[in-house]
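# Chains, contacts and geometry: an overview
Here is what each chain is made of, one letter per residue.
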Amino acid sequence: MIVTFRISYQTKWGETIGVQLLGKDDTIMLSTVDGEMWEGSCHLLTSASGEVLRYRYCVYNDGEIVRQERGVHSHAIVLPAEIESHARSLKDKAAGSPQAVLLVSDFWRDLPWANYLFSSAFSGEYPLQTVIPEKQPLSSINLRVLCPCLRQKNQLLGIVGGSEQLGNWQKPMVFSEVSPNQWELSLDIYQFEKNSEYKFVAVDAKSLQIAEWEGGENRQLYIPQLDKGVHYFMPEAEVYMPSTGNKVAGTAVPVFSLRSEGSQGVGDFGDLKTMIDWCVKTGQRALQILPINDTTMTNTWQDSYPYNSISIYAFHPMYVDLRAVGPLKDKEKEERYQKTFRQLNALTEIDYESVNKAKRDYLLLAFREQGDKVLKSKDFKAFYKKNESWLLPYAAYSVLRDKYATSDFTAWPEYSTYNAREIEILCRPEGPFYPSICYYLYIQYLLHVQLLAASAHARECGVIFKGDIPIGISRTSVEAWVEPYYFNMDGSAGAPPDAFSTTGQNWGFPTYNWDVMKQDGYQWWKRRFSKMAEYFTCYRIDHILGFFRIWEIPTHSVQGLLGQFAPSLPMTPEEINSYGLNFNPDFMTRPFINDEIIYRLFGEMADMIKSTFLINEHHDIWQLRPEYRTQRDILNWFNREGGRLNNGEIIRDGLYTLINNVLFVEDNKVKGKYHPRISANQSLVFERLTWQEREDFMRLYNHYYYERHNGFWYEKAMEKLPELLDAAPMLACGEDLGMVPDCVPWVMNQLQIISLEIERMPKNPKYLFGHVWEYPVRSVCTIGTHDMSTFRGWWEEDGMLTNRYYHECMGRGGDVPAAAPGWICEDVVKRHLESPSLLAILALQDWIAIDEKLRLPDVNSERINIPANPRHYWRYRMHLTIESLLCQDGFNEKVRNLIHNTARA
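Residues numbered from 1 in each chain as written. Predicted model: local features only at pLDDT ≥ 70, side-chain atom pairs only at ≥ 80, totals over all residues. Heavy atoms only, no water.

For the rest of this paragraph, the subject is the overall build of the chain. Helix and strand content of the chain: 27 helices and 36 strands. Against the 2.2 N^0.38 benchmark of 29 Å for 905 residues, the chain shows a C-alpha radius of gyration of 31 Å, consistent with a compact globule. Taking the principal axes of its C-alpha atoms as reference, the chain extends roughly 105 × 80 × 75 Å. Residues counted as buried form 56% of the 905 residues belonging to the chain. For the chain, the proportion of contacts with a sequence separation of at least 24, taken over those separated by at least 6, is 73%. Per element, the accessible surface of the chain, about 39,000 Å² overall, is 50% carbon and sulfur. (Helix = DSSP H or I, 4+ residues; strand = E, 2+ residues; numbered from the N terminus. Rg over C-alpha atoms; globule rule 2.2 N^0.38 Å. Buried < 20%, exposed > 50% of the residue type's maximum accessible area, 1.4 Å probe, protein only. Contact = heavy atoms within 4.5 Å. Areas by Shrake-Rupley, 256 points an atom, 1.4 Å probe, with all protein chains shown as cover.)

Here's what the structure looks like:
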């Protein structure tokens, strides 16, 4: 069989086009006469009848790929059936070439116009029903179409037209789905006497009747003149039925915040199914949750931070729904635990430590009763075989953490350095740790089964199930133990100053060694995305800016002001001087401390600060003592003795300010190169500059942070993100908040990543509040995130800001209510639902706020997280049960009407 590929593509000098045959490890190089129309042929061995050939086009320069088609959908053609017999008959009749010929015509395609519709969030995931004709025509024209969302409505793609062969506009011909949302139909050219008008239609899969017509003018089917044995494949067409692409409304709520009548003091995976039922009842089609990975390190409330996971795969044991596990055989113990769970479930907030201890103790008893049977089951063995690569190291890590009472594997007397052979021996059935290993395998299996059930329920109900992929991992995680080469342990990931924290955020995570990750094609990330796709149809990429650059903070810092972007382009002293500054490292890179600054920060405590923490350098200039040179030194002092002083926190924070008081930070990799310190214009040393020096510094500063890196960071993101997005069919949403460089929207638009829009955090610096009506279609709009106060909470934080919002955004006159009444909350919800955003996903608290009788009276109790506090206790729980919420007919009707009236039903 001869296959000829043709594509129109205007290349640059020195570039060539190739066709990668996917799954065949082969590339067909094309040639051109005019530099625009490319063509090339190959011989394919006889294939199985109806085999699907998948391929992509690539641009090469000096043998290296410089550009390639992207997206989860490669080009595809169905190889004609009975190809051997066709070739023999042609040869016997001396009718030209003894081989069948496939002419394949294509357009270059990166992503479909509305790529989001091809994700599992909108098109679902269904087994293919490819129908291969019993006998292929000798010569054919093959229509290829990309059309999403049909299978989710139990429909197929069809074609109907004005000729008898095309059903006389009545009886459609039905396509085969050769790949999800990719359709193909082979037409015998000898059955068509002339060109015909036609349209694509959606066909009911059962009745085969037309369910919906495409819009626009009729299409024209031109029948080419082909020799016998030639099969012509037309370029793929994109078709969108009018009913596809409706906007969606949904709810965001952490799993731990869910409350049902039978939960055990914390939300669990069983509660997710009931929450999905509420979404369906109110017309919502999306449910978003926070990360659900295991964070167990200290067995204290400090493990409540869901973004500091010890495993990117393992789920938190507290999310097991014990109702699905079954009662204990010991009735007395069962009743005692149920009493404890009822008490914990009655609390207004989560008692993290008590809940986790009770649930784990219960699970241990359940494991001793039923674990052996579960682990011998066929389903568990299949789960274990598929997940063994991460499951066994996780179980071993958990056992060793428990044994040595620390998650810091570097402090373990044994196994501190991961060795696969040693861990395999540790986990053997004859070993003393085997029962404990099996206990953790048992828990993860229960979690997998229960989350899979919740996921299946969401898909059956047509609800988008949105997960969350944290940007970081714990530096004492399983991954850091097993795969340390993927991480940089000498720095901490965080964020520069923003609306959440004026001193930046230090998350404590190691940063990624992207150079190493690139060597194996980012397999670490691809495996992570693929695992997520087992459960979710949509995902939030936490801090997507980290794929462009990450804010890397030295390990000796507590706050984020002394960080630097990695990767980045630091400046030489000569370059700094070119802006008019006289670069002086002693003055500009060391903390500047004089008498005036000391008295401004510490007042009457100034003399004590000098005698305890400082050394006089000369005149009124001071420097920090060697034992107090870093913020980590100061924190150690505070934990050791400063915390007992009445003014301990004031002293600690003042000393942090002194250490931050620099204009430039030296690059942590290249000595002698520097970065302007973030927010240096707000530092005390900045006040020491002349007006001309301040102006020169700000020119340098603005160039460095807002202009210098755009092309550089664009390239870095495009090295990673396209490959990662292709790893799974989920809908990708990026959390693009904070200090966003111009290159971020360039990449997100090019890759069609859904952005995040928040009225209180406008991306246009000219706006005080975001213009909801200007939001892009490819976006998620929300009133606030888990890192922010709820709308009601924000309303009471800043009276002047609230006043402007009330009069300018809402267009209201008169006095501003001190607390946000239900009608104001409803108006805000309505405006967000009316926005152009594809997804309007609102916090559960903001939905309930529209009903003054239903909402929580204490608005401060609705806050989930305070980013400025790195030791915040994540314990918010909804104040009414989901069962009660389902029974709130008036409220549910109001929500349903809001969604219906804003075209999101």
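Attention now moves to helix H15 (residues 595-602). Looking only at H15, the buried set comprises Ile-597, Ile-598 and Phe-602. For H15, the angular spread of buried residues about the axis comes to 105°, placing them on one side. Considering only its buried residues, H15 is in contact with strand E28 (593-594), helix H16 (606-613), strand E29 (614-618), strand E30 (621-624) and helix H18 (648-660). Immediately downstream of H15, the backbone of Gly-603 shows phi near 55°, a positive value. (Arc of directions from axis to C-beta.)

Moving on: the nonpolar core. Of all hydrophobic cores here, the largest spans 210 residues; its most connected members are Leu-272, Trp-525, Phe-664 and Phe-791. Sequence-distant contacts of Leu-272, that is, excluding residues within four places in its chain, are made with Val-255, Leu-258, Leu-287, Ile-289, Leu-451, Ala-454 and Phe-465. (Core = buried A, V, L, I, M, F, W, Y, C linked by side-chain atoms within 4.5 Å.)

Attention shifts here to the pairing of strand E15 (residues 196-204). In terms of burial, E15 is a largely internal element, 7 of the 9 residues being buried. Pairing geometry for strand E11 (residues 155-161) and E15, over 7 bridges, is antiparallel. Counterpart to Gly-161 in the pairing with E15 is Tyr-198. Looking at chain direction, E15 and strand E17 (residues 219-221) are connected through 3 bridges and run antiparallel. Within the sheet, the bridge partner assigned to Ser-196 lies in E17 and is Leu-221. (Pairing = 2+ DSSP bridges.)

This paragraph deals with helix H17 (residues 631-640). Three or more residues of H17 are buried, namely Gln-631, Ile-634, Leu-635, Trp-637 and Phe-638. Around the axis of H17, the buried residues are gathered within 160° of arc, so they sit on the same side. Tucked into the core, H17 has its buried residues touching H16 and H18.

Next up on the list: the pattern of salt bridges. Enumeration over the complete set of coordinates arrives at 46 salt bridges. Here Glu-596 and Arg-688 are joined by a salt bridge, their closest N and O atoms 3.8 Å apart. You can see Glu-596 sitting in helix H15 and its partner Arg-688 sitting in the loop between strand E32 (674-676) and helix H19 (691-706), a full 92 residues away along the chain. Among the residues examined, Glu-596 registers a relative accessible area of 44% and is labelled partly exposed. Linking Asp-736 and Lys-763 is a salt bridge whose minimum nitrogen-to-oxygen distance equals 2.6 Å. In this pair, Asp-736 is assigned in the loop between strand E33 (731-734) and helix H21 (743-750) and Lys-763 in the loop between strand E34 (755-758) and strand E35 (779-782), connecting sequence segments 27 residues apart. (Salt bridge = Lys/Arg side-chain N within 4 Å of Asp/Glu carboxyl O.)

This next bit is on the sheet that holds strand E36 (residues 839-843). Read from one edge of the open sheet, 8 strands run E33-E25-E22-E21-E20-E36-E35-E34, paired in parallel fashion. Where the open sheet ends on each side, the last strands, each with one partner, are E33 and E34. Put simply, the sheet's adjacent strands are angled 25° from each other on average, direction ignored. Examined bridge by bridge, strand E20 (residues 248-252) and strand E21 (residues 286-288) share 3 bridges and lie parallel to one another. Each residue of the ladder has a partner; that of Thr-251, found in E21, is Leu-287. (Axes fitted to C-alpha atoms, helices over the stretch in contact; angles between N-to-C directions.)

Right, let's get into the confidence of the model for the chain. Averaged over every residue, the pLDDT of the chain is 93; residues scoring 70 or more account for 97%. In this model, residues 83-97 is a region of pLDDT below 50 whose contacts with residues beyond four sequence positions or in other chains number 17 contacts. (pLDDT = per-residue confidence, 0-100.)

Here we come to the pairing of E36. Here E36 lies mainly inside the structure; 5 of its 5 residues are buried. Two strands pair when backbone bridges link them, and E20 and E36 are joined in this way by 5 bridges, in the parallel orientation. By the bridge assignment for E36, Thr-251 is matched with Leu-842. One ladder, built from 2 bridges, connects E35 with E36; its direction is parallel. Residue pairing for E36: Cys-781 is matched across the bridge by Ala-840.

Moving on: the sheet that holds E29. Strand order in the open sheet formed by 3 strands is E28-E30-E29, with antiparallel pairing between adjacent strands. At either margin of the open sheet sits one strand with a lone partner, and together these are E28 and E29. Pairing geometry for E28 and E30, over 2 bridges, is antiparallel. Looking across to E30, one finds that Asn-594 is bridged to Ile-621. H16 rests against E29 and E30 of the sheet, and its axis sits at about 90° to E29.

Residues other than glycine predominantly adopt negative phi, and peptide bonds predominantly adopt the trans conformation. Following Ala-566, the chain continues into Pro-567 via a peptide bond in cis, with omega recorded as 0°. Here Pro-567 shows up in the loop between strand E27 (564-566) and helix H13 (573-577). You will see that Asn-154, though not glycine, has its phi angle at about 60°, which is positive. Summarising the element assignment, Asn-154 is placed in the loop between strand E10 (140-146) and E11. Within the chain, Ser-679 stands out as a residue other than glycine whose phi angle is a positive 55°. Secondary-structure assignment places Ser-679 in the loop between E32 and H19.

Let's shift gears to the packing of helix H20 (residues 710-725) against H21. Helix packing for two helices is described by the angle between their axes and how far apart those axes are. In the contact formed by H20 and H21, the axes pass within 9 Å of each other and the chain directions differ by 30°. In the crossing of H20 with H21, the sense of the turn from one axis to the other is right-handed. Taken together, the residues of H21 that come into contact with H20 (itself represented by Asn-710, Trp-713, Tyr-714, Ala-717, Met-718 and Leu-721) are Cys-743, Trp-746, Val-747 and Gln-750. Taken together, the residues that form the contact of H20 with H21 break down as 8 nonpolar, 2 polar and no charged. (Left-handed = near helix turned anticlockwise from the far one by under 90°. Nonpolar A, V, L, I, M, F, W, Y, C, P; charged D, E, K, R; others polar.)

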